Amino acid sequence: QVQLVESGGDLVQAGGSLRLSCAASGNIFRINDMAWYRQAPGKQRELVAGITSGARTNYADSVKGRFTIARDNAKNTVLLQMNSLKPADTARYYCYASAEHSPFYPPRDYWGQGTQVTVSS
């Protein structure tokens, strides 16, 4: 099993910044893709930003130019720097990882419990 623990969520005013962190631990042979998703009340979970093991990134159009995803492969962590926050960014943010326990088995998907980000106007 792999555990993902997020931190960094908070209440912030519009225009402010937050930095989310997610640390993976457990029986890890290799972590492939990592990502941040978010889910607002009454809405579906959506991809915010993703990053491959080779550091290729992709972003939702709504956050391009404001959010930056990065990872530290040695520490099995992924970060999300969020700048110029808007009330529309208010949601619970979830960390995702595709992780392998062994080179002989396919990777599995793992999710964290989420961290709340609230942006006030």
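Up top you'll find the structure we're talking about.
Because the structure is a prediction, the values reported are computed rather than measured. (Residues numbered from 1 in each chain as written. Predicted model: local features only at pLDDT ≥ 70, side-chain atom pairs only at ≥ 80, totals over all residues. Heavy atoms only, no water.)

Enquirer: How do you make sense of the overall build of the chain when you look at a structure like this?
Expert: For the chain, the count of helices and strands is zero helices and eleven strands. For the chain, the sequential pattern of α-helices and β-strands runs β-β-β-β-β-β-β-β-β-β-β. Its C-alpha radius of gyration of 14 Å places the chain within 12% of the 14 Å reference for a compact globule of 121 residues. By its C-alpha atoms, the chain is 50 × 25 × 25 Å across when sized along the principal axes. Sorting the 121 residues of the chain into buried and exposed places 40% on the buried side. Taking the contacts inside the chain whose residues are at least 6 apart along the sequence as the reference set, 56% of them involve residues at least 24 apart. (Helix = DSSP H or I, 4+ residues; strand = E, 2+ residues; numbered from the N terminus. Rg over C-alpha atoms; globule rule 2.2 N^0.38 Å. Buried < 20%, exposed > 50% of the residue type's maximum accessible area, 1.4 Å probe, protein only. Contact = heavy atoms within 4.5 Å.)

Enquirer: Would you mind going over the nonpolar core with me for this structure?
Expert: If you look at soluble globular proteins, the nonpolar side chains tend to sit buried side by side. Residues Trp 36, Leu 80, Met 82 and Tyr 93 are the most contacted members of the largest nonpolar core, which totals 30 residues. Listing elements by their share of this core, those giving two or more residues are β1 (2-7), β3 (18-26), β4 (30-39), β5 (46-51), β7 (67-72), β8 (77-82), β9 (91-100) and β11 (115-120). Counting residues per element, this core draws most heavily on β9, at five residues. Excluding residues that lie within four positions of it along the chain, Met 82 makes contacts with Gly 16, Ser 17, Leu 18, Leu 20, Arg 66, Phe 67, Tyr 93 and Val 117. (Core = buried A, V, L, I, M, F, W, Y, C linked by side-chain atoms within 4.5 Å.)

Enquirer: What is the right way to look at the environment of Leu 80 in this model?
Expert: Among the structural elements, Leu 80 can be located in strand β8. Note on Leu 80: relative accessible area 0%, which makes it buried. Between the C-alpha atoms of Leu 80 and Phe 67, which are 13 residues apart in sequence, the distance is 6.7 Å. Not counting residues up to four positions away in its chain, the partners in contact with Leu 80 are Leu 18, Arg 19, Leu 20, Trp 36, Val 48, Ala 49, Phe 67, Thr 68, Ile 69 and Tyr 93.

Enquirer: What's the story with unusual backbone geometry in this structure? I'm lost.
Expert: The phi angle at Ala 55 is positive, at roughly 75 degrees, despite the residue not being glycine. On the accessibility criterion, Ala 55 (49% relative accessible area) is partly exposed. Here Ser 84, not a glycine, exhibits a phi torsion of approximately 50 degrees, which is positive. Among the structural elements, Ser 84 can be located in the loop between β8 and β9.

Enquirer: Whenever I open this one, the pairing of β9 confuses me. Can you help?
Expert: Every regular strand shows the same layout, with side chains that alternate between the two sheet faces. The element β9 is largely enclosed, with a buried count of nine among its ten residues. Pairing between β4 and β9: eight bridges, direction antiparallel. Along β9, the bridge assignment pairs Ile 31 with Ala 99. In this structure, β9 lies alongside β11, joined through three bridges in antiparallel fashion. Residue pairing for β11: Arg 92 is matched across the bridge by Gln 116. With four bridges connecting them, β9 and strand β10 (residues 108-111) associate as antiparallel partners. Within the sheet, the bridge partner assigned to Ser 98 lies in β10 and is Asp 109. (Pairing = 2+ DSSP bridges.)

Enquirer: Honestly, the pattern of salt bridges in this entry has me stumped. Any pointers?
Expert: Pairing of side chains with opposite charge becomes possible as their charged atoms draw close. Tallied over the entire structure, the rule returns five salt bridges. For Arg 66, the salt bridge is made with Asp 89, and the minimal N-O distance between the two is 2.8 Å. Of this pair, Arg 66 sits in the loop between β6 (57-59) and β7 while Asp 89 sits in the loop between β8 and β9, and the two are 23 residues apart along the sequence. In this structure, Arg 66 and Asp 89 share a single accessibility class: buried. (Salt bridge = Lys/Arg side-chain N within 4 Å of Asp/Glu carboxyl O.)

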